[in-house]
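# Chain and residue survey
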Amino acid sequence: MSANTTPHRPVMDSRHGDCKDRQTSTTIMAENDTLECVTEHERILQEIESTDTACVGPTLRSIYDDQPNAHKRFMEKLDARIRNHDREIEKMCNFHHQGFVDAITELLKVRADSEKLMGQVTDTNRRLQHAGREVTSQTDEVIHCRLQQRNMVTTVEKLQLCLPVLEMYSKLKEQLESKRHYAALKTMEQLEKVYIPRVSQYRFCQIMAENLPRLREEIKEISMSDLKDFLESIRKHSDKVGEMAMRQAQKHRTFNSALTKQACLGHYTKPVYSVIGPTHAHIHNALMRDDDDVDDEDEDGTEEEADEEGNRETFENYYRKQRKKQARLVLQPQGNMHETVEGYTRYFNQIVGFFVVEDHILHATRGLVTRPFTDELWNMALSKIIAVLRTHSSYCDDPDLVLDLKNLIVIFADTLQGYGFPVNRLFDLLFEVRDQYNETLLKKWSLVFREIFELDNYSPIPVETEEEYKLVISRFPFHDAEIEKQDFPKKLPMSQSVPQIYTQVKEFIYASLKFSESLHRSSTEIDDMLRKSTNLLLTRTLNSCLQNHIKKPHIGLTELVQIIINTTHLEQACRYLEDFITNITNVSPETVHTTRLYGLSTFKDARHAAEGEIYTKLNQKIDEFIQLADYDWNMAESDGRASGYLMDLINFLRSTFQVFTHLPNNNNDHGSMSGKVAQTACMSACKHLSTSLMQMLLDTELKQISMGAIQQFNLDVIQCELFASSEPVPGFQGDTLQMAFIDLRQLLDLFLVWDWSTYLADYGQPTSKYLRVSPATALALLEKMKDTSKKNNIFSQFRKNERDKQKLIETVVKQLRSLVNLMSS
């Protein structure tokens, strides 16, 4: 095969498959055509020349698998191909032979020149070596000097790296000797993480590194002992620190209040000095500052933040765990804390001291206390404080103690607010404490009002001189032109309880105002709080005391009438109370959201209750007299005079209503008021008497009534009508009062006249003479008389008049029953 031919490497598997196909086709073609056989050999030779030797096998095998003598012919063909290639090679060699010869000749010439050049180079090198011996000697000296210089520079550099390590280690020793352990730990951290790694290859650094864990353990033990002592110390002295902080806050509050008042008066115009700054600085100066070296490193910016791990985390976790325990102990109140202000003071001092120390440690150290940790402690403490104060304040019933508690809470909140702790929830708690304070005030003034009502004589206030009159009107805003014109001695319409109550309401307003001081509230809010608390005093406390006093059994009609007059004056004085509050708060009553006093409705309710009690007591007295009635319901004829119990009752009513006429009526309002009450009471008494007499007649337990009893009963009703017509109370028009007995009068007239024909004929007509008599009432009374007629003399049935009367009764009864049934259907 020719070396110039380009080999071709087909895929083995595919070539093997193709070889089998070609063997089969060659055999077939050898049998059919010799020309095709020759062509096939030519193709096989081309494949052998162009195919990789690894794949020649299948191609050669196809030669032996074809027709007989194919191998021989193939060999002949192969020899012919070899000879052909040999001829080509020979031609190629003959073509390039002369050039090869020429090249050999030129190469022989070059050899001679190269030998000459080699001799010249050797001579030149010998002479150069001889000439450069001195230069080489000088160069070696320079190289030696350069090496020495480089070693010196390297030594200086290494010493510069080692010196900071040695200095820091020396500083560490000094810090350990002076017991500045926190600074020593910081120095140790810098040695381990910054300095020693730079020169760790030196043995002295390795010795240092091995010694540092031992020093750290010593520091850890000493520092843990110091930390425990420190925790015990701040636990013991935190109440003193808190007391000092709160005292400073109170001083600055007092100072600021004075400056504020001067500024309002125009005597001082400089800005008020803040309570936050000086208090905070004073406490910080009172406590020990941390190591100066640490501060210097912070200022130089050379301190790096270290990971909170290992021993540092141990100290921090221990400190925080212990402080949390101390916080829980500090926040635990004493059982009787609510009994005295000293108990609250000690409680607040301990808490303030605890958090002042925490704030100082937060700003004076790094990592031991963090802002999230203090915030967590404060939020936990704040919830506990609020719960404790809410519980203990609810036990307190002394308003002075509640007021002291409020002042302590304000100072407590201001102090901690100066250290950056949020205290809004404490000021919200003050609203609850304010409600508790108002409750204690209301309880206190409830006792005051009760005592005033019990000691009142319920008589008009007598004034003998001008001085006494001025003294009364200085305590109560009373103005009456008619009374002022009268000569002394004279009487004021209200009793002595009125100016006393008015004065006590003003005292209550002053007491309520004390709680609003120092709460950082606007005048409008203070005005609203005062008005709301005063409304509670009037509508709940005073009203309740009045209502309870009115219902007491020993309060008579005279006292009730005087109470009505008193409430009228107190109602009129409410506008003066509103002006009093306005003068205190400087908030105009015309302001949109200003709360109005509810005294008008309060005293109206009390007045109505007193009036109702008057009517009730009158009716009870009437019932007592009626219970004394002792009628003989089967009498043949009347005694000719009214019953004794009824005359006593009428005399009692006359004397009672005479009391109303003796009330002071020189004031038109009072006169009309007392007259109205008297008229209503008189009308109520007459109606109740009429109703009671009617119920007596129609009582279901009363089975029989004779005509004589009806006549006797009529005499009593006549006395009632005479009393009504005698105008026991002035002011009634016409026969208004007599109309209270009209039902009785028409019923009795119907039976006395026996005018059943008129009753039945006119029934249902608006002009009926017996319009107020119902069929059921007439039937009930008539049946009682029918039973009496049946049980009269046994011989009465033989008398014609009696028989006719009995028939008439039976006829009327039937007709009345039909009317009753008609009305009920």
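Cut-offs used in this document
- Residues numbered from 1 in each chain as written.
- Predicted model: local features only at pLDDT ≥ 70, side-chain atom pairs only at ≥ 80, totals over all residues.
- Heavy atoms only, no water.
- UniProt positions renumbered as here; feature names shortened; annotations may be inferred.
- Helix = DSSP H or I, 4+ residues; strand = E, 2+ residues; numbered from the N terminus.
- Expected span 1.5 Å × (residues − 1).
- Buried < 20%, exposed > 50% of the residue type's maximum accessible area, 1.4 Å probe, protein only.
- Polar contact = N/O pair within 3.5 Å; in protein donor to acceptor, adjacent residues only side chain to side chain.
- Salt bridge = Lys/Arg side-chain N within 4 Å of Asp/Glu carboxyl O.
- Patch = residues over 30% accessible without salt bridge, like charges linked within 9 Å, V, L, I, M, F, W, Y side chains within 5 Å.
- Areas by Shrake-Rupley, 256 points an atom, 1.4 Å probe, with all protein chains shown as cover.
- Phe/Tyr/Trp six-rings, centres within 6.5 Å; stacked < 30°, edge-to-face > 60°.
- pLDDT = per-residue confidence, 0-100.
- Contact = heavy atoms within 4.5 Å.
- Lys, Arg positive; Asp, Glu negative; His and termini not counted.
- Axes fitted to C-alpha atoms, helices over the stretch in contact; angles between N-to-C directions.
- Nonpolar A, V, L, I, M, F, W, Y, C, P; charged D, E, K, R; others polar.

Per an unreviewed UniProt entry, the protein chain goes by the name Exocyst complex component and belongs to Takifugu rubripes. For the record of the protein chain, the UniProt heading Sequence similarities (unreviewed entry) holds the text "Belongs to the SEC15 family." In UniProt, the protein chain has this text filed under Function (unreviewed entry): "Component of the exocyst complex involved in the docking of exocytic vesicles with fusion sites on the plasma membrane."

Under the 1.5 Å per step criterion, the end-to-end length of helix α13 (residues 399-418) is 29 Å for 20 residues, consistent within 8% with the ideal 28 Å. With 16 of 20 residues buried, α13 lies mostly within the body of the structure. Of the residues flanking the start of α13, the one acting as N-cap is Asp-398, its side-chain oxygen 3.1 Å from the backbone nitrogen of Asp-400. Looking one or two places after α13, you find Gly-420, whose phi comes out positive at around 90 degrees.

As a further point, take the environment of Leu-577. Within the element layout of this structure, Leu-577 appears in helix α20 (residues 574-585). For Leu-577, a relative accessible area of 4% puts it in the buried group. Through-space distance from the C-alpha of Leu-577 to that of Lys-506 is 7.5 Å; in sequence the pair is 71 residues apart.

Counted according to the given criterion, the structure contains 21 salt bridges. With a shortest N-O distance of 2.4 Å, Asp-123 and Arg-126 are connected by a salt bridge. Here Asp-123 pairs with Arg-126, and both are found in helix α4 (residues 70-131), just three residues apart, close to one helical turn. Linking Arg-371 and Asp-375 is a salt bridge whose minimum nitrogen-to-oxygen distance equals 4.0 Å. Here Arg-371 and its partner Asp-375 are both found in helix α12 (residues 371-395), four residues apart, which amounts to about one turn of the helix. Here the salt bridges do not stand alone but share partners, grouping Asp-123, Arg-126 and Arg-127 into one network.

Turning our eyes to something else, we now look at a nonpolar patch on the surface. A cluster of nonpolar side chains, Phe-100, Val-101, Ile-104, Leu-107, Leu-108 and Val-110, forms an exposed patch at the surface whose accessible area comes to about 560 Å². Assignment of secondary structure puts Leu-107 in helix α4. By relative accessible area, which is 56% here, Leu-107 ends up exposed.

A few words now on the packing of aromatic side chains. Applying the stated criterion across every chain, the model contains 23 aromatic pairs. For the pair Phe-354 and Phe-355, a centre-to-centre distance of 5.1 Å together with 75 degrees between the ring planes defines the contact as edge-to-face. Residue Phe-354 is classed as buried on the basis of its relative accessible area, which comes to 3%. Summarising the aromatic geometry, the rings of Tyr-631 and Trp-633 are spaced 4.9 Å apart at their centres and angled 35 degrees between planes, so their arrangement reads as tilted. Residues Tyr-631 and Trp-633 agree in their burial class; the two are buried. Grouped by ring-pair contacts, the aromatic residues Phe-751, Trp-754, Trp-756, Tyr-759, Tyr-763 and Tyr-770 constitute a single cluster.

Attention now goes to the environment of Thr-758. Along the chain, the position of Thr-758 falls in helix α26 (residues 756-762). Residue classification places Thr-758 among the partly exposed residues on the basis of a relative accessible area of 24%. The spacing of Thr-758 and Ser-768 is ten residues in sequence and 8.4 Å in space, taken between C-alpha atoms.

With 82% of its residues at a pLDDT of at least 70, the protein chain reaches an overall mean of 79. Low pLDDT, under 50, characterises residues 264-308; the predicted model gives this stretch 76 contacts beyond four residues in sequence or across chains. Note that residues 793-798 has pLDDT below 50 and, in this model, four contacts with residues that lie over four places away or in other chains.

So, on to the side chain of Asp-480. Structurally, Asp-480 is set in the loop between α15 (466-475) and α16 (481-485). For Asp-480, which is buried and forms no salt bridge, the nearest opposite charge comes from Lys-485, at a distance of 8.7 Å. Among the polar contacts made by the side chain of Asp-480, one reaches the main-chain amide nitrogen of Glu-482 at a distance of 3.0 Å. Within polar-contact distance, the side chain of Asp-480 engages the backbone nitrogen of Ile-483 at 3.1 Å.

A few words on unusual backbone geometry. In this structure, Pro-489 follows Phe-488 across a cis peptide bond, with omega equal to -5 degrees. By secondary structure assignment, the location of Pro-489 is in the loop between α16 and β2 (490-492). The backbone of Tyr-458 sits at a positive phi, close to 50 degrees, despite the residue not being glycine. By secondary structure assignment, the location of Tyr-458 is in the loop between α14 (424-455) and β1 (461-463).

Across the interface, helix α19 (residues 557-572) lies against α20 with an axial gap of 4 Å and an inter-helix angle of 35 degrees. Listed contacts from α20 to Leu-570, Glu-571 and Gln-572 of α19 are Cys-574, Arg-575 and Tyr-576. The residue makeup of the contact of α19 with α20, split by class, is three nonpolar, one polar and two charged.

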